[in-house]
Amino acid sequence: MPAVPSDFRPSTHELPPRSRRLFGKWWRRQSPARQDRFATLGPLVSVLLFLAAIIAAFWYLRSEELEREHESVKRDTEVTQQQIRLRLIENQEQLVRIAREITTRAIDQDEFLGQASTFTRERPEVVSLTWLASNRTPAASYLSPSHTFNGSRYSEAPVAPPAAAGTVTKSEPEWAFEAARDLRQPVYSRTYTTVNGQHVFQVQVPLIDRSAFAGTVVAEYSVEALLRYFVPTEVANRHGMILMDANDRVLASTTSRGMLKNSERPSIFHDIPVAPVGNGLILRGLGYRTSIGLISNTLFWMVAALSVLTVWMLLGTWRHMRRRLQVQSALVAETNFRRAMENSMLTGMRAMDMEGRITYVNAAYCSMTGFSEAELIGKLPPFPHWPPDRMEENRRLFEQELQGRSPAGGIEVKVMRKDGTTFDARMYVSPLVDAKGHQTGWMTSMTNITEAKRIRDQLSASHERFTTVLEGLEAAVSVLSVQQGELLFANRSYRLWFGADARGHASLAGEHGDDSLPPQPDGDDSVDNLSGLPTQELTEAGSDPREVYIESLDKWFDVRARYLQWTDGRLAQMLIATDVTARRRAEEQAAQQAEKAQVTSRLVTMGEMASSVAHELNQPLAAITNYCNGIISRVKANTIETPDLLAVLEKTSKQAQRAGQIIHRIRAFVKRSEPQRQPAQAREIVEDAVELAMIELRRRNVGIHTYVAQRLPLLMVDPILIEQVLLNLLKNAAEAIDNAKLPPSRRNLELRVIPRHTPEEGGVIEFSVTDSGPGLKEEVLGRMYEAFFSTKSDGLGIGLSLCRSIVESHRGRIRAENLYNGPSVVGCRFSFTLPVETTPSANH
């Protein structure tokens, strides 16, 4: 049966018979007047007590309502502050990304203005976005169209605290700029007033270019826009919100300013700084008391309370007994709960007094050791679960426990079960303090770590095996801490090539690599700027492989990078570098062979056109001979005048120039030179190619129609190689027409050069050669680009293969198709595309 609490007092109904007889005698000894007085005094005291309770309840309700309203204002203010804070943090992350792109040269001023336009359009609270150089001169600035200002952007009056005598007061933008420059992190300025009276503040994100301060990216916020766009509607309907500076000056408010000055000023407000700005900007929530009408209902509540009090007086004894039973039941339930909790714990618990005697053990402790509670309680060292071979060690550890010198991380010990087996355990010791704050002993918790220790040993062995595999790789593997620049891991190949420092990792990451390589989109030059940013996206996504040339080793490496979380939580970069020197050299040799094949193809083309070239040169040479013979005859006959002589000599000179131009054009075409890409106009390439092709076209009696679109952009190509492609296609088309023995009306071909835009290639210029020949067979269409495949009996099969290689080396595409008129083939079209330069060209 549960014990009776010590503070329990029995009611008069529960008094023993002797007490009841004594109370009855005392009551009967009182006079009737005194009995009436007592009978009247009891209800009167009850009424007075109830009146006092009603008044207390009224004030309690008022206080509780005021507290609820205050909590509501506080909650709404915190919600608004969180909205503004999350928006500022999101904007700051976007500004850091823009700053990183500026320092890595990923964007220029024009692209910055484009990003600034998108940034301010999506963020109406941003007034302007400016790129400042290190000397605080604007490199580029964008003003949001939704905000109108008068005057210069940096002409605000200084609002800094009063400076000492002899010092110069700086404006808030200057303070923020210098702070960002010194701290190397985003800095928010205090609020200041622009020339048109609008309250704003700035956030300046530093531009760090290889540890050097290169300026800032400045975003200017409108305080009024922050409050207008980021106060939830439901919050604004309930409470007013205002933004103030550190001097309690109202900067923006969701309520009318007149309301803040009249008699209805809010009686409840809550202030909270707008974190993480840290610039003295304070958000204040306003609330109003709404309690009315309670006084008129006071009498009703008093009557109701008195009625309840009367019932309570009649049932007082029953309530008292029920309360006693509830207390007893709660005490029993609490005792049982604590006991069940102790018995269900998997951690062994042991309590000792100040002398080291065991006073308590739970079921888990008994289950671990195999000894019962009776076998352990009251024991002094040596305890029965101490192994015999570790008595001295356990005694020394026990002395440390009694002296309070046990380590906070616990101690690892061997524990012997009752059957003689042992297991590994970790014990934590803490003082046992009673309710008065006095230490009464020591409390020890014990955990079985046998399985955990086994897993730890397995993990160590697995780590050793993994390290052995990495050491055996032929590729160099290195891991570098992004924040500290510390080399965390390097395998044998890395140490063999680069030593044991981080300079090799930096070279492979691109900080000191070959400058001729194209810039990578995942440029690693700015990885130090990633410190403090969310790293989930970095660790989930890898980077594209790239090839890096290390001059000191005379080797090319295929480098693959990935960001990962190191074992201590730091952000790290892992590089895997594979030696690809042999492959690069093979590719260089293949390129040289391809260049020789291109020159050979041009020589073969000229060889095939040799008879046509001879015929072409024979005409101007024959004309020169005739002119010279005529001059000689007339000079001998003395029948030529000086004007006639000059006219004949001019014609002779023109024919000689014509022959020289033909020879010069052929010599430039077949001349072997290194491929050199340069800005070129499509019209000039077409004119040179057609001039060479006309020799073959006239020999085969084939006409040509050329169309070149106007205002074509520049091409970054090797003009000789593109001329070779055009000449090959024109010559093939002329041969197809000539071999088909077509009538004169169909002995024509067309060369068109027009701009196009396709979803796959984007903006390109298309060159197409269309003939009216018999077309190509289906099996030829599938194999015509194969090396040494030709439909000609004397063909080498390298012409179209080289054309395709040349076009694809210029990042273009070549295709062929038959032209149909119903079921019959009426010609063939060869076309190829070349990407255009982004820089605009001159009008042509």
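First things first, this report covers the structure right here in the doc. (Residues numbered from 1 in each chain as written. Predicted model: local features only at pLDDT ≥ 70, side-chain atom pairs only at ≥ 80, totals over all residues. Heavy atoms only, no water.)

### Re the pattern of salt bridges
According to the stated counting rule, one finds 36 salt bridges in the structure shown. Across the salt bridge formed by arginine 97 and glutamate 101, the nearest N and O atoms sit 2.8 Å from each other. With arginine 97 and glutamate 101 both in helix H2 (residues 32-103) and four residues apart, the pair spans about one turn of that helix. Given a relative accessible area of 28%, arginine 97 falls into the partly exposed group. The partner of glutamate 735 in a salt bridge is arginine 700, and the shortest N-O contact between them spans 3.8 Å. Of this pair, glutamate 735 sits in helix H20 (residues 719-739) while arginine 700 sits in the loop between helix H19 (682-699) and strand S22 (703-708), placing them 35 residues apart in sequence. Take glutamate 735: its relative accessible area is 10%, and that puts it in the buried class. Residue arginine 700 is classed as buried on the basis of its relative accessible area, which comes to 14%. What you see here is one network of salt bridges that share partners, running through Glu696, Arg699, Arg700, Lys731, Glu735, Asp738 and Arg747. (Salt bridge = Lys/Arg side-chain N within 4 Å of Asp/Glu carboxyl O. Helix = DSSP H or I, 4+ residues; strand = E, 2+ residues; numbered from the N terminus. Buried < 20%, exposed > 50% of the residue type's maximum accessible area, 1.4 Å probe, protein only.)

### Observations regarding the packing of aromatic side chains
Enumeration over the complete set of coordinates arrives at twelve aromatic pairs. Judged by centre distance (5.3 Å) and plane angle (15 degrees), the ring pair of phenylalanine 201 and tyrosine 221 falls under stacked. You can see phenylalanine 201 sitting in strand S5 (residues 199-209) and its partner tyrosine 221 sitting in strand S6 (residues 212-222), a full 20 residues away along the chain. Taken individually, phenylalanine 201 and tyrosine 221 each receive the classification buried, so the pair is uniform in this respect. On the basis of an interplanar angle of 75 degrees and a centroid distance of 5.3 Å, the ring pair of phenylalanine 383 and tryptophan 386 is categorised as edge-to-face. When sorted by exposure, phenylalanine 383 lands in the same class as tryptophan 386, which is buried. What links up through ring pairs into an aromatic cluster is the set Tyr494, Trp497, Phe498 and Phe557. (Phe/Tyr/Trp six-rings, centres within 6.5 Å; stacked < 30°, edge-to-face > 60°.)

### A closer look at the environment of arginine 121
Residue position: arginine 121 is located in helix H3 (residues 109-122). On the basis of relative accessible area, arginine 121 is assigned to the exposed category, the value being 58%. Linking arginine 121 and proline 145, residues 24 residues apart in sequence, is a C-alpha distance of 8.6 Å.

### Some thoughts on the sheet that holds strand S25 (residues 762-771)
Reading across the sheet, the five strands line up as S22-S24-S25-S27-S26 and stay open at both edges, with mixed pairing between neighbours. Strands with a single pairing partner mark the edges of an open sheet, and in this sheet they are S22 and strand S26 (813-821). Within this sheet the neighbouring strands show an average axis-to-axis angle of 20 degrees, counted without direction. (Pairing = 2+ DSSP bridges. Axes fitted to C-alpha atoms, helices over the stretch in contact; angles between N-to-C directions.)

### Concerning the side chain of glutamine 400
Summarising the element assignment, glutamine 400 is placed in helix H11 (residues 391-402). With relative accessibility at 18%, the residue glutamine 400 sits in the buried group. Not counting residues up to four positions away in its chain, the partners in contact with glutamine 400 are Arg405 and Ser406. (Contact = heavy atoms within 4.5 Å.)

### Topic: H3
Along its 14 residues, H3 runs 20 Å from first to last C-alpha, staying within 8% of the 20 Å computed at 1.5 Å per residue. Listed as buried for H3 are Phe112, Ala116, Ser117, Phe119 and Thr120. The opening residue of H3, the one whose side-chain oxygen lies 3.4 Å from the backbone nitrogen of aspartate 110, is aspartate 108. (Expected span 1.5 Å × (residues − 1). Polar contact = N/O pair within 3.5 Å; in protein donor to acceptor, adjacent residues only side chain to side chain.)

### What to know about the pairing of strand S2 (residues 138-143)
Examined bridge by bridge, strand S1 (residues 126-132) and S2 share five bridges and lie antiparallel to one another. Of the residues in S2, the one forming a bridge with leucine 129 is tyrosine 142. The antiparallel hairpin formed by S1 and S2 contains five residues in its connecting segment, where arginine 136 sits at a positive phi of about 65 degrees.

### Comments concerning the nonpolar core
Nonpolar side chains tend toward joint burial in soluble globular proteins. In this structure, Val686, Leu726, Val753, Phe767 and Phe832 are the most contacted members of the largest nonpolar core, which totals 42 residues. Elements with a minimum of two residues in this core: H19, strand S23 (715-717), H20, strand S24 (748-758), S25, helix H22 (799-809) and strand S27 (824-835). Ranked by residues supplied to this core, first place goes to H20 with ten residues. Ignoring any residue separated from it by four or fewer positions in sequence, one finds valine 753 in contact with Ala682, Val686, Tyr707, Val708, Ala709, Leu712, Ile765, Glu766 and Phe767. Leu95, Val203, Val223 and Val235 belong to the second largest nonpolar core, which has 38 residues in total. (Core = buried A, V, L, I, M, F, W, Y, C linked by side-chain atoms within 4.5 Å.)

### Points about the sheet that holds strand S9 (residues 268-273)
Strand order in this open sheet of four strands is S8-S7-S10-S9, and the pairing throughout is antiparallel. Both outer strands of the open sheet, strand S8 (250-253) and S9, are each paired with one neighbouring strand and no more. Pairs of neighbouring strands in the sheet enclose a mean axial angle of 25 degrees, with direction left out of account. Pairing analysis gives five bridges linking strand S7 (residues 240-244) to strand S10 (residues 282-287), with the strands arranged antiparallel. Across the sheet, the residue bridging to isoleucine 242 is arginine 284, located in S10. Along the sheet face, helix H5 (residues 223-230) touches S7, S8 and S10 and points at about 30 degrees away from the line of S8.

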